[in-house]
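Here is what each chain is made of, one letter per residue.
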Amino acid sequence: DVQLQASGGGLVQAGGSLRLSCVMSLDRFSLDDYAIGWFRQAPGKEREAVACISPRDGRSYVKVSVKGRFTVSSDDPKNTVYLQMNNLQPEDTAVYYCAAELHIRGFSAELYLRSEMYEDWGQGTQVTVSS
């Protein structure tokens, strides 16, 4: 099992930047055993995928809607995954969640940008972008 703590959200003006962190508390596994996803949910909206990463494979994906503005990265010694968000826009306002799942199938965007692939979820961190 794994516990995840998301942090780094806040209030920012349009065009600003934030870096979200997801710190994973691991027991017998390492960060390389997991795929990690970032998701967000705005009020009245469905939860949607933002990005995912496989530290083991050294691959990551972001949704087309945020490509060029958001990047995801990992720091294995710190058991931490980051979501760097640049040029934030009001439509990015949401609660952002990180999630983790042990690798069962091969890492791909088709699989790991789906919320149903993940068993363990963090509590979320609020990102608010003013116009």
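Preceding this paragraph is the structure being described.
Residues numbered from 1 in each chain as written. Predicted model: local features only at pLDDT ≥ 70, side-chain atom pairs only at ≥ 80, totals over all residues. Heavy atoms only, no water.

Draft legend 1. Structural detail: the overall build of the protein chain. Counting its secondary structure elements, the protein chain contains one helix and 11 strands. Here the C-alpha atoms of the protein chain give a radius of gyration of 14 Å, agreeing with the 14 Å that 2.2 N^0.38 yields for 131 residues. Seen along its three principal axes, the alpha-carbon backbone of the protein chain occupies a region of about 45 × 25 × 25 Å. A buried classification covers 45% of the 131 residues belonging to the protein chain. Long-range pairs, those at least 24 residues apart, make up 61% of the contacts in the protein chain between residues at least 6 apart in sequence. Summed over all atoms, the accessible surface of the protein chain reaches about 6700 Å², with 45% contributed by carbon and sulfur. In the protein chain, 13 side chains carry a positive charge and 16 a negative one; their mean positions are 5 Å apart. (Helix = DSSP H or I, 4+ residues; strand = E, 2+ residues; numbered from the N terminus. Rg over C-alpha atoms; globule rule 2.2 N^0.38 Å. Buried < 20%, exposed > 50% of the residue type's maximum accessible area, 1.4 Å probe, protein only. Contact = heavy atoms within 4.5 Å. Areas by Shrake-Rupley, 256 points an atom, 1.4 Å probe, with all protein chains shown as cover. Lys, Arg positive; Asp, Glu negative; His and termini not counted. Charge placed at Lys NZ, Arg CZ, Asp CG, Glu CD.)

Draft legend 2. How the structure looks around the sheet that holds strand S3 (residues 18–26). With antiparallel pairing, the four strands of this open sheet are ordered in space as S1-S3-S8-S7. The strands lining the two open edges of the sheet, one partner per strand, are strand S1 (2–7) and strand S7 (70–75). Within this sheet the neighbouring strands show an average axis-to-axis angle of 15 degrees, counted without direction. In terms of strand pairing, S1 meets S3 through six bridges, oriented antiparallel. Residue pairing across strands places Leu4 opposite Met24, the latter belonging to S3. (Pairing = 2+ DSSP bridges. Axes fitted to C-alpha atoms, helices over the stretch in contact; angles between N-to-C directions.)

Draft legend 3. Representation of the state of the cysteines. Scanning the model with the defined rule gives one disulfide in all. Each sulfur of the disulfide joining Cys22 and Cys98 lies 2.1 Å from the other. An S-S torsion of about 75 degrees defines the bridge between Cys22 and Cys98 as right-handed. Taken together, the residues Cys22 in strand S3 and Cys98 in strand S9 (residues 94–102) connect sequence positions 76 residues apart. Under the relative-accessibility criterion, Cys98 is labelled buried at 0%. Cys22 provides the cysteine sulfur closest to Cys52, a residue in no disulfide bond, and the two sulfurs are 13 Å apart. (Disulfide = S-S within 2.5 Å.)

Draft legend 4. Structural view of the pairing of strand S11 (residues 125–130). Because side chains alternate across S11, one face comprises the buried residues Thr125, Val127 and Val129, and the other comprises Gln126, Thr128 and Ser130, none of which is buried. Relative to S11, strand S2 (residues 10–13) runs parallel, the two being bridged by four bridges. The residue of S11 that forms the bridge with Gly10 is Val127.

Draft legend 5. Region of interest: the environment of Arg19. Position of Arg19 among the secondary structure elements: in strand S3. Sequence separation between Arg19 and Leu4 is 15 residues; the distance between their C-alpha atoms is 16 Å. The contact partners of Arg19, leaving out residues within four places of it in the chain, are Ser7, Gly8, Tyr82, Leu83 and Gln84.

Draft legend 6. Up close: the environment of Ala42. Mapped onto the elements of the fold, Ala42 is located in the loop between strand S4 (34–41) and strand S5 (48–54). Residues Ala42 and Tyr96 lie 54 residues apart in sequence; the distance between their C-alpha atoms is 8.9 Å. Setting aside its immediate chain neighbours within four residues, Ala42 contacts Thr93 and Ala94.

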